[in-house]
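One-letter residues, chain by chain:
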Amino acid sequence: MAERAALEELVRLQGERVRGLKQQKASAEQIEEEVAKLLKLKAQLGPDEGKQKFVLKTPKETLTGKYGEDSKLIYDLKDQGGELLSLRYDLTVPFARYLAMNKLTNIKRYHIAKVYRRDNPAMTRGRYREFYQCDFDIAGQFDPMIPDAECLKIMCEILSSLQIGDFLVKVNDRRILDGMFAICGVPDSKFRTICSSVDKLDKVSWEEVKNEMVGEKGLTPEVADHIGDYVQQHGGVSLVEQLLQDPKLSQNKQALEGLEDLKLLFEYLTLFGIADKISFDLSLARGLDYYTGVIYEAVLLQTPVQPGEEPLGVGSVAAGGRYDGLVGMFDPKGRKVPCVGLSIGVERIFSIVEQRLEALEEKVRTTETQVLVASAQKRLLEERLKLVSELWDAGIKAELLYKKNPKLLNQLQYCEEAGIPLVAIIGEQELKDGVIKLRSVASREEVDVRREDLVEEIKRRTSPALCIC
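One structure accompanies this document, and this report is about it. Treat the numbers as computed from the prediction; the structure is a model and nothing was measured.

### Some words on the pattern of salt bridges
Okay, step 1: Inspection of every chain in the model, using the stated rule, returns 28 salt bridges.
Okay, step 2: Residue Glu9 is joined to Arg12 by a salt bridge in which the shortest nitrogen-to-oxygen separation is 2.6 Å. Placement of both Glu9 and Arg12 in helix α1 (residues 2-23) is noted, with a separation of three residues, approximately one turn of the helix.
Okay, step 3: Since its relative accessible area comes to 39%, Arg12 is described here as partly exposed.
Okay, step 4: Put simply, Arg12 and Glu16 hold a salt bridge, and the shortest N to O gap is 2.6 Å.

### Let's talk about the nonpolar core
Most often, soluble globular proteins have nonpolar side chains that are buried together.
Okay, step 1: With 79 residues, the main nonpolar core has Val169, Phe181, Ile227, Phe280 and Tyr296 as its most contacted residues.
Okay, step 2: The biggest single contributor to this core is helix α4 (residues 146-162), with seven residues.
Okay, step 3: Core analysis: the second largest hydrophobic core is formed by 17 residues, Leu387, Leu400, Ala424 and Ile436 among them.

### A closer look at helix α10 (residues 253-271)
Okay, step 1: When the terminal C-alpha atoms of α10 are compared, their 28 Å separation across 19 residues agrees well with the 27 Å that a helix rising 1.5 Å per residue should span.
Okay, step 2: Turning to α10, its buried residues are Ala255, Gly258, Leu259, Asp261, Leu262, Leu265, Phe266 and Leu269. Down the axis of α10, the smallest arc covering the buried residues is 170 degrees, so these residues share one side. Seen from the buried face of α10, the exposed residues on the opposite side, beyond 90 degrees, are Lys253 and Leu271.
Okay, step 3: Of the surrounding elements, those touching the buried residues of α10 are α4, β5 (167-173), α5 (174-184), α9 (237-244), β7 (278-281) and β8 (294-302).
Okay, step 4: If you check the start of α10, you find a side-chain oxygen 3.1 Å away from the backbone N of Gln254, and it comes from Asn252.

### Thoughts on helix α3 (residues 92-101)
Okay, step 1: Across the ten residues of α3, eight count as buried, placing the element largely inside the fold.
Okay, step 2: For α3, the set of buried residues is Thr92, Val93, Pro94, Phe95, Ala96, Arg97, Leu99 and Ala100.
Okay, step 3: On its buried side, α3 packs onto β3 (107-116), β4 (130-139), α11 (326-330) and β10 (339-345).
Okay, step 4: Looking one or two residues past α3, Lys103 carries a phi angle of roughly 55 degrees, positive in sign.

### Some points on the sheet that holds strand β15 (residues 446-450)
Okay, step 1: Overall, mixed pairing links the five strands, which are arranged β12-β11-β13-β14-β15 in an open sheet. Only two strands of the sheet have a single partner each, and these edge strands are β12 (398-399) and β15.
Okay, step 2: As paired strands, strand β14 (residues 435-440) and β15 are joined by five bridges and run antiparallel to one another. By the bridge assignment, Leu438 is partnered in β15 with Val447.

Rules and cut-offs
Residues numbered from 1 in each chain as written. Predicted model: local features only at pLDDT ≥ 70, side-chain atom pairs only at ≥ 80, totals over all residues. Heavy atoms only, no water. Salt bridge = Lys/Arg side-chain N within 4 Å of Asp/Glu carboxyl O. Helix = DSSP H or I, 4+ residues; strand = E, 2+ residues; numbered from the N terminus. Buried < 20%, exposed > 50% of the residue type's maximum accessible area, 1.4 Å probe, protein only. Core = buried A, V, L, I, M, F, W, Y, C linked by side-chain atoms within 4.5 Å. Expected span 1.5 Å × (residues − 1). Arc of directions from axis to C-beta. Contact = heavy atoms within 4.5 Å. Polar contact = N/O pair within 3.5 Å; in protein donor to acceptor, adjacent residues only side chain to side chain. Pairing = 2+ DSSP bridges.

And the structure:
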């Protein structure tokens, strides 16, 4: 063993020498000579008997075993060599693999990309088999609950700024769930599958969930009832404090750690000014197997039908949580990198925005163009091109119709259909007077603006604070 260790050290030193020569851009002959020495040392070392090699390849990621019962939604494929591949199910597992492959231990990032689910599409609810997700993650070793609180703050900021209606963010902790299952008498081997059953409580009644636990998953009715006593509770920090006094739950180490962290989390959320948007919900389970701590999910709320009724959730639009063990599953030495993050369902958001605009009989604006450069008479293409160029150079989002002599009515109709708020109209008289006629598409009001003042006037009218188009 000592002889092998000495040889491994020589291999390491020779490898460093080769890398150093490459960085110094040494001659090819010198590098080849040192590489030959390295290969000779490796040959003396021989194969690693009994030692399993773990090689990460970019397209061949291991997805199964990380999504629980949702693994059935993964699209499995095979390449031409017969090797099993899968379409990307989410952005979290690829992110963890990236950290492991590049030996990163500290990063904050966002990522927008497509993912794929072999699911039953529901177009009106923004549920597709191919769709975009927007993820935000913080990786690194930090003090408890500070990054978690920031993720929840970001989630609330996004949903508030989109103005898609009232929402509620449910939070729970996987350690509390596992501790709860343990004291209720659920066998360790059934924790994850029972978790998946509990996670359905936002869609079906407790009786249906209980029947699944007993009839399909083999729990006794007594154990299921005990679980029901817990998972039907929800509230704020007062519920956390109540459960910290629970004679059974507080004696479970995992549950106690989770409850203490949630109490700290609520302190930070109060400081961030979003505690009123957060609900501690013991039925929130998140079916994905890689979560290890705090989990959360944002749902839109439906206005109560009767005064005094609780608002009803009309669908999840964002979710996330802590996954401290996922990077270690990809690292050859099992080195862990604590991570926490969130995911926004982009198409789900779009679907809700479109529905709300339709209900208000408002058109969906399909362009960011601020102004269309139009002409009132024929043979003014050159003047239109000059003006649109001036506006582009000034940072104005402008366009024009790709016709030499478009009719004014057609140009105005195009603005109405595309949602362009302003029209800069050039005419022979305007050219003589040194002005541009600026028309508001919404009000149809027109004013003459001196050409040198046009940029500022367009900026003033289209600034978010004013928006007086």
